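If you want the building blocks of each chain, they are given just below.
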Amino acid sequence: MSLDFVNLANVVISGLLTGIVYGLMALGLSVIFGVARIVNFAHGEMMALAMYLSVLLFSTFHLEPLFAVAPVAVIFFIFGYVLHGAVIHPFVTRPEHSQFILLLALAIIMTNSLLILFGPDARAVSLDYLLEPIELGPLLIDRGKLYAGLVAFGAAAGLFTLFRFTHTGTAVRASADNWLGAKVVGLDVKRLYALAFGLGSACGGIAGCMMILLVDLTPGLGPAYTLLAFVIVIVGGLGSMTGALAGGVLIGVSEALAGFYVAPSAKGMFSFALLILVLLFRPRGLLGNKL
Amino acid sequence: MTLFLFFAYAGQAWNIMMGFAGQLSLGHSLYLGVGAYAAAALYFHFGIGPWAGLWLAIALCALLGAAIGALAFRYGVAGVYFTLLTIAFAEFARIGLDHFAWLGGSGGMFLKVAERDRVELLNLRGTPAMFYYVILALSAAALALSAWLLHSRAGYYWQAIRENEDAAQALGINTFRWKMLAVVISAAMTALAGVFSAFYYSSLFPEQLFSINRSVEIILGPIIGGVGTIFGPIVGAALLTVLAEGTNEIVVAFGWEVPGIKQLIYGIVLFAVIVFLPHGIWSALAGKLKVRE
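The rules behind each value
- Residues numbered from 1 in each chain as written.
- Chains lettered and ligands numbered in written order.
- Predicted model: local features only at pLDDT ≥ 70, side-chain atom pairs only at ≥ 80, totals over all residues.
- Heavy atoms only, no water.
- Helix = DSSP H or I, 4+ residues; strand = E, 2+ residues; numbered from the N terminus.
- Rg over C-alpha atoms; globule rule 2.2 N^0.38 Å.
- Buried < 20%, exposed > 50% of the residue type's maximum accessible area, 1.4 Å probe, protein only.
- Contact = heavy atoms within 4.5 Å.
- Areas by Shrake-Rupley, 256 points an atom, 1.4 Å probe, with all protein chains shown as cover.
- Lys, Arg positive; Asp, Glu negative; His and termini not counted.
- Charge placed at Lys NZ, Arg CZ, Asp CG, Glu CD.
- Axes fitted to C-alpha atoms, helices over the stretch in contact; angles between N-to-C directions.
- Parallel < 35°, antiparallel > 145°, perpendicular 65-115°, else oblique.
- Nonpolar A, V, L, I, M, F, W, Y, C, P; charged D, E, K, R; others polar.
- Salt bridge = Lys/Arg side-chain N within 4 Å of Asp/Glu carboxyl O.
- Patch = residues over 30% accessible without salt bridge, like charges linked within 9 Å, V, L, I, M, F, W, Y side chains within 5 Å.
- Buried area = accessible area lost by both parts, 1.4 Å probe.
- Core = buried A, V, L, I, M, F, W, Y, C linked by side-chain atoms within 4.5 Å.
- Disulfide = S-S within 2.5 Å.
- Expected span 1.5 Å × (residues − 1).
- Bend = angle between axes of the 7 residues up to and from the residue.
- Polar contact = N/O pair within 3.5 Å; in protein donor to acceptor, adjacent residues only side chain to side chain.
- Phe/Tyr/Trp six-rings, centres within 6.5 Å; stacked < 30°, edge-to-face > 60°.
- pLDDT = per-residue confidence, 0-100.

Novice: An account of the overall build of chain B is requested, with residue identities and associated values reported.
Specialist: Counting secondary structure elements, chain B contains 13 helices and two strands. The C-alpha atoms of chain B give a radius of gyration of 19 Å, which matches the 19 Å a tight globule of 293 residues would have. Taken along its principal axes, the extent of the C-alpha atoms in chain B is 55 × 45 × 30 Å. Buried positions account for 54% of the 293 residues belonging to chain B. Excluding contacts between residues fewer than 6 apart, the proportion of contacts in chain B whose partners are at least 24 apart in sequence is 75%. Within the structure as shown, chain B displays about 12,600 Å² of accessible surface, and the carbon and sulfur contribution to it stands at 67%. Separation of charge centres in chain B, based on 15 positive and 14 negative side chains, amounts to 10 Å.

Quick look at the structure:
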């Protein structure tokens, strides 16, 4: 194999694994957007919160991110559930821009609280296995990325199962399809919305835990990830769970390729260009059903 | 005061699009940045002064606004999707300019700073007082324009579209054309704010001009003051300025000088306003005082 090809393969694999984590993050946003009807403009900020939490767990209890996933997911589920019940629910019936600004305010509060508490310096977890890539013939696979991708994939599969095969999951999907109808047949829509918001937050939490294996953490990451999550959800197709995952992988790979062949700082431009094209020519997204 | 008027002006420009016509843009930093770069580039590379350059800035931004509006409205991109489209264009421009060396790239572009005590109105170089009067005139003009627009034919059509677009269309209003008008006017006005900021600060960085934080700063004033009102953006900008100065004093007095504290307070204020006064402070106040616009 030529060196060019090996490079290409390495870049694609790395983008693919990162993309699955992106996909899980976007899946959380998609659930919140699609079911709870909330434009969660604080999604990336919640993820940054989870990243700090997992750094703290690591530095105080030596709990490494792979094992911190479970407690972080539980904490974020409760966080999302309570946040929705306490603050967000009254906004469900308000105009979209009102919601948008509420979540924006929450996002600004979260980002700057993190900045005040932890300072602007970058943080990371140092684990031995992050430095030992797996050699597969000529290919090098980063262990952190591999584990992160696998965990994210597992979490996404779990969410699929929950929505597809459990009673609660069916009820959540029903209230997403037609909330008036769901109310008529006696479902507690407010509780189901809060549940969806909690599940979406938990997805963001897990994605955050895994992301700490991939990037250095600064308080400013939140807004960037919020935008990224929206780009992915819209590219993949709103309301489509597979769409969110596929969109994540697509963006992950295109970012990796752009970062390698053009310039690392230019990679965002390709994502936004993709978003603009999709919005204009296929507004329902690549795998979305209807608008 | 100059900063207060700057945000009052930019807020009024945004308010025409969102407050009057109901199209939420979170990408107004695009017009600010393009306006600033257009006028600054003409001055920097060709020595053409801002009074000529502002026409290029207005033309470019109106064109950009028209292009984004036409694409979005033609293809039925509405609501949240429209907002995200505006963000996407602004972010695209930000990253693009970071890599565009002719305009300074991410390192920024710097205009020659003249002696601060000589007023050179022709090149918009001079004392802070001169800038103050320039932005005061702009804000006053924007206020007059907003008041006139709101009670013109276009204003009533916009409000009809904002309240219920389908009903407006059913009544025979060409919603596409009127929404386009709102975007173009708003973009062109914001372009002037960009030209002003380029010459006021004399330095231009894509990270600052095009960043989403800039767009958020622009919309804070009108939202806190009252979206869709004539005086709301001004009241909001004034309150924010007082708040910013006040927090500065408090932060310094108590020795809490940590990065982020100002933004944290902004966030809390924004949160409180949207939860408790969703129509803005001016609307609540005007209701109490029985002032009609």
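Moving on, there is more to tell.
Novice: Give me the packing of helix α6 (residues 153-163) of chain B against helix α8 (residues 175-201) of chain B: which residues, what numbers.
Specialist: Residues and elements named next belong to chain B. The N-to-C vectors of α6 and α8 enclose an angle of 110 degrees; their axes lie 10 Å apart at closest approach. Classed by the angle they form, the pair α6 and α8 counts as roughly perpendicular. Facing α6, whose interface residues are Arg153, Ala154, Tyr157, Trp158 and Ile161, α8 presents Thr175, Trp178, Lys179, Leu181, Ala182 and Ile185. Its residues assigned to classes, the contact of α6 with α8 shows eight nonpolar, one polar and two charged.

Novice: I'd love a proper account of the pattern of salt bridges, names of residues and values included.
Specialist: Residue and element names in this part refer to chain B. For the structure on display, the rule yields two salt bridges over all chains. Taking the shortest distance from any N to any O, the salt bridge between Glu91 and Arg94 comes out at 2.9 Å. Of this pair, Glu91 and Arg94 both sit in helix α4 (residues 80-98), three residues apart, which is roughly one turn of the helix. The same class applies to Glu91 as to Arg94, namely buried. Where Arg214 meets Glu217, a salt bridge forms, and the shortest distance between an N and an O atom there is 3.2 Å. Of this pair, Arg214 and Glu217 both sit in helix α10 (residues 212-225), separated by three residues, roughly a single helical turn.

Novice: Now, about a nonpolar patch on the surface: what can you tell me, with residues and values included?
Specialist: Taken together, A:Phe5, A:Leu8, A:Val12, A:Phe260, A:Tyr261, A:Val262 and A:Phe270 make up a surface patch of nonpolar side chains, about 640 Å² in accessible area. Only α1 (3-34) and α10 (241-261) of chain A provide two or more residues apiece to the nonpolar patch.

Novice: Could you give an account of the interface of chain B and chain A, naming the residues involved and the relevant values?
Specialist: Every contact between the two is made by 37 residues of chain B and, on the other side, 39 residues of chain A. For the pair chain B and chain A, the summed buried surface comes to about 3,500 Å²; carbon and sulfur atoms form 86% of the total. On the chain B side of the contact with chain A, B:Val80, B:Tyr81 and B:Leu84 bury the most area, a combined 18% of that side's loss. Summed over the shared surface of chain B and chain A, the result is zero salt bridges. Contributing elements (two or more residues each) for the side of chain B that touches chain A: α3 (50-74), α4, α10 and α12 (261-276) of chain B. Tallying contributions element by element places α4(B) first for the side of chain B that touches chain A, with twelve residues. Looking at the side of chain B that touches chain A residue by residue, the class counts come to 29 nonpolar, seven polar and one charged.

Novice: Outline the nonpolar core, listing residues and values.
Specialist: Core analysis: the largest hydrophobic core is formed by 190 residues, its most contacted members being A:Met25, A:Phe41, A:Ile88, A:Leu213, B:Leu30, B:Trp158 and B:Leu204. B:Leu204 has contacts with B:Ala36, B:Tyr37, B:Ala40, B:Gly108, B:Met109, B:Leu111, B:Ala198 and B:Leu209, leaving out every residue within four places of it along the chain.

Novice: Summarise the state of the cysteines; cite the residues concerned and give the values.
Specialist: Joining two cysteines, a disulfide is a covalent bond between their sulfur atoms. Residues and elements named next belong to chain A. Scanning the entire structure with this criterion turns up zero disulfides over all chains. Free cysteine Cys209: the closest other cysteine sulfur is in Cys203, separated by 13 Å. Residue Cys209 is classed as buried on the basis of its relative accessible area, which comes to 0%.

Novice: Before we move on, could you go through the packing of helix α5 (residues 143-165) of chain A against helix α6 (residues 167-177) of chain A and cite the residues and values that matter?
Specialist: In a packed pair of helices, the relevant descriptors are the angle between the two axes and the axis-to-axis distance. Residue and element names in this part refer to chain A. Interhelical geometry of α5 versus α6 gives an angle of 80 degrees and a closest axis separation of 5 Å. By the angle class used here, α5 and α6 are roughly perpendicular. Between α5 and α6, the residues in contact are Leu162, Phe163, Arg164 and Phe165 and His167, Gly169, Thr170, Val172 and Arg173, respectively. By residue class, the composition of the contact of α5 with α6 is four nonpolar, three polar and two charged.

Novice: Tell me what's going on with the environment of A:Phe272, and back it up with residues and numbers.
Specialist: Considering the arrangement of structural elements, one finds A:Phe272 in helix α11 (residues 267-281). Overall, A:Phe272 belongs to the buried group, its relative accessible area being 8%. In the structure, A:Phe272 is positioned 40 residues away from A:Ile232 in sequence and 9.9 Å away in space, judged by C-alpha atoms. What A:Phe272 contacts, discounting residues up to four positions off in sequence, is A:Leu227, A:Val231, B:Ala88, B:Glu91, B:Phe92 and B:Ile95.

Novice: Kindly report on helix α1 (residues 2-20) of chain B, identifying the contributing residues and their values.
Specialist: One turn of the α-helix equals 3.6 residues, which is why residues spaced by three or four share an orientation. Residue and element names in this part refer to chain B. The terminal C-alpha atoms of α1 lie 26 Å apart, and with 19 residues this matches the ideal 27 Å at 1.5 Å per residue to within 8%. At Trp14, α1 is bent by approximately 40 degrees, the largest bend along its length. Across the 19 residues of α1, 18 count as buried, placing the element largely inside the fold. Among the residues trailing α1, Gly22 stands out with phi positive, at a value near 75 degrees.

Novice: Run through the environment of B:Met17, naming residues and quoting values.
Specialist: Residue and element names in this part refer to chain B. One can find Met17 in helix α1. Along the primary structure Met17 and Ser186 are separated by 169 residues, whereas in three dimensions their C-alpha atoms are 5.9 Å apart. Apart from the residues lying within four places of it in its own chain, the contact partners of Met17 are Gly22, Gln23, Ser25, His28, Phe82, Ala182, Val183 and Ser186.

Novice: Can you lay out unusual backbone geometry for me, pointing to particular residues and giving the numbers?
Specialist: You will see that A:His62, though not glycine, has its phi angle at about 55 degrees, which is positive. For A:His62, a relative accessible area of 65% puts it in the exposed group.

Novice: Tell me about the side chain of B:Ser186, and name the residues and values.
Specialist: All names here are of chain B. Structurally, Ser186 is set in helix α8. Since its relative accessible area comes to 0%, Ser186 is described here as buried. Within the structure, the side chain of Ser186 is placed 2.6 Å from the backbone oxygen of Ala13, a separation counted as a polar contact. Within the local environment of Ser186, its side chain forms a polar contact with the side chain of His28, the two groups lying 2.8 Å apart. Contacts of Ser186, omitting those with residues within four sequence positions, involve Ala13, Trp14, Met17 and His28.

Novice: Help me get a handle on the packing of aromatic side chains, residues and values and all.
Specialist: Scanning the model with the defined rule gives eight aromatic pairs over all chains in all. Here B:Tyr37 and B:Phe210 contribute two aromatic rings whose centre-to-centre distance is 6.1 Å and whose plane-to-plane angle is 25 degrees, an arrangement assigned as stacked. With a gap of 173 residues between them, B:Tyr37 in helix α2 (residues 29-46) and B:Phe210 in the loop between α9 (206-209) and α10 connect regions that are remote in the sequence. We classify B:Tyr37 as buried; its relative accessible area is 4%. The class for B:Phe210 is buried, based on a relative accessible area of 1%. A connected cluster of aromatic rings, assembled from ring pairs, spans A:Phe33, A:Phe41, A:Phe100 and A:Phe230.

Novice: Can you break down helix α9 (residues 221-236) of chain A residue by residue, with the values?
Specialist: All names here are of chain A. If you check α9, its first and last C-alpha atoms are 22 Å apart, about what 16 residues at 1.5 Å a residue would give, namely 22 Å. Within α9, 14 of the 16 residues are buried, leaving the element largely enclosed by the surrounding structure. A positive phi of about 120 degrees marks Gly237, the residue just after α9.

Novice: Talk me through the confidence of the model for chain A; I want residue IDs and the actual numbers.
Specialist: Taken as a whole, chain A shows an average pLDDT of 83; of its residues, 98% reach a score of 70 or greater. Mean pLDDT values over the elements of chain A span from 76, in helix α7 (residues 179-184) of chain A, up to 89, in helix α2 (residues 43-61) of chain A.

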